[in-house]
Amino acid sequence: MNSFKKIFGVLLLLTILILPQIVSAEKTDWRDDTYNFRRIKTVVVLNLHNDADLSYVSRAVQMKVDSDYFNNSKKLKCTVLTEEQARRMLGMMNASRGELKRNLAAVADAWIEGNIKTWHDDFYIVPARTVWEDRRRTRRVRDRWGDWYEESYYESVPVTYPPYRVDTSTIISVFEVHDAATGKLIFVREDNRDRDDKDAQKDMFGRMCNSFYEDFAKRIK
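Below you will find a few notes about this structure.

Now for the overall build of the protein. Along the backbone of the protein there are five helices and nine strands. In the protein, the order of α-helices and β-strands from amino to carboxyl end is α-β-β-β-α-β-α-α-β-β-β-β-β-α. In the protein, which comprises 221 residues, the proportion classed as buried is 35%. In the protein, of all internal contacts separated by at least 6 residues, the share reaching a separation of at least 24 is 74%.

Turning our eyes to something else, we now look at helix H2 (residues 59-71). An ideal rise of 1.5 Å per residue puts 18 Å on 13 residues; H2 measures up with 18 Å between its terminal C-alpha atoms. Three or more residues of H2 are buried, namely Val61, Val65, Asp68 and Tyr69. The arc that holds the buried residues of H2, viewed along the axis, is 100°, so those residues lie on one side. In H2, the exposed positions that point more than 90 degrees away from the buried face belong to Arg59 and Ala60.

Bringing unusual backbone geometry into the picture now. With a phi angle near 60°, lysine 77 is a residue other than glycine that sits in the positive phi range. By the secondary structure assignment, lysine 77 is in the loop between H2 and strand S4 (79-82). Here lysine 77 falls in the exposed class, since its relative accessible area comes to 77%. Even without being glycine, aspartate 199 reaches a positive phi, approximately 55°. Of the residues examined, aspartate 199 reaches a relative accessible area of 42% and is grouped as partly exposed.

Attention shifts here to the nonpolar core. In terms of nonpolar packing, the biggest core is built from 32 residues, with Ile40, Tyr69, Ile112, Ile116, Trp119, Phe205 and Phe216 touching the most fellow members. With nine residues, helix H5 (residues 201-220) is the single largest residue contributor to this core. Beyond its immediate stretch of four places on either side in the chain, tyrosine 69 contacts Val45, Leu46, Asn47, Leu48, Ile112, Glu113, Gly114, Phe175, Phe205, Cys209 and Tyr213. One finds Leu81, Met92, Ala95 and Leu104 within the second-largest nonpolar core, a separate group that totals twelve residues.

What follows covers the pattern of salt bridges. Throughout the structure, instances matching the rule amount to 21 salt bridges. With a closest N to O distance of 2.9 Å, aspartate 32 and lysine 184 form a salt bridge. Within this pair, whereas aspartate 32 is found in the loop between strand S1 (22-31) and strand S2 (42-45), its partner lysine 184 is found in the loop between strand S8 (164-179) and strand S9 (185-195), the two being separated by 152 residues in sequence. With a shortest N-O distance of 2.8 Å, aspartate 68 and lysine 64 are connected by a salt bridge. Remark: lysine 64 and aspartate 68 occur in helix H2; sequence separation between them is four residues, near one turn of the helix. Relative accessible area serves as the criterion here: at 16%, aspartate 68 is assigned to the buried category. We classify lysine 64 as partly exposed; its relative accessible area is 31%.

Analysis parameters
- Residues numbered from 1 in each chain as written.
- Predicted model: local features only at pLDDT ≥ 70, side-chain atom pairs only at ≥ 80, totals over all residues.
- Heavy atoms only, no water.
- Helix = DSSP H or I, 4+ residues; strand = E, 2+ residues; numbered from the N terminus.
- Buried < 20%, exposed > 50% of the residue type's maximum accessible area, 1.4 Å probe, protein only.
- Contact = heavy atoms within 4.5 Å.
- Expected span 1.5 Å × (residues − 1).
- Arc of directions from axis to C-beta.
- Core = buried A, V, L, I, M, F, W, Y, C linked by side-chain atoms within 4.5 Å.
- Salt bridge = Lys/Arg side-chain N within 4 Å of Asp/Glu carboxyl O.

Given below as C-alpha cells:
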C-alpha cells in the first residue's frame, strides 16, 4: 500500500508539472439595476471589435473567434439578429457604426458589442530546482531459514530538474449591452484570463462568450 501511494504521488507531481494550468480568471460585471431586462425580446449582435492587434493571428483562429462570438448568442433564447441582418432590414448596408446604432430601435430592443481589448503572448522561466524523491531500491537478504531473497525498499534522494520555459496566454474581452431606444449602457462585463499555455486565447475566448451569453440570458428570460 505504501509503495502504491508513493508511485501515485510521483505520477500526480508529474501531471501537475506537465499539464497547462490556469493562472487567473476574473470577471467584473456592472448592470443598471433600474432597467427592466425582461422587456428585451430582440437583440442585435454587432460585429466583434478588436482593440488588440490580431494581425499575427492566423485566419483560422480569427474565424473561430468570430464564430464563438456569434454562435453562443443562441443561448439568449430571444430573437437574435446579426449586424448584417439589421443593416439589411434598415437599408443601411453602407452606414457607419454610429449611424446604425441610432436606428437600431426600429428592429431591436438592445444591442451587444464585443471587444477584444488584449491578446498577448509571453513566457516565464521556471528555475532549476532540487527536490527529494523516493526511489525504489532492492537488496538481497536472508530469511530466518538462511535462504536468500530480494527485498524492496525506498530511499529518499535529491533530484535536480533543469530550468524550463512556460508559455503564457493573456486575453481581456469586454461585452457591452446597450438599450436600443436610448443608447444607454445597461450591462457590461470585463473578462480577464491568463493561462500557462501557448496560443490558448482562442479557447479562452470561447469560454468567455459562453459565460457571458449564459449569464445575460438569465437576466432577460
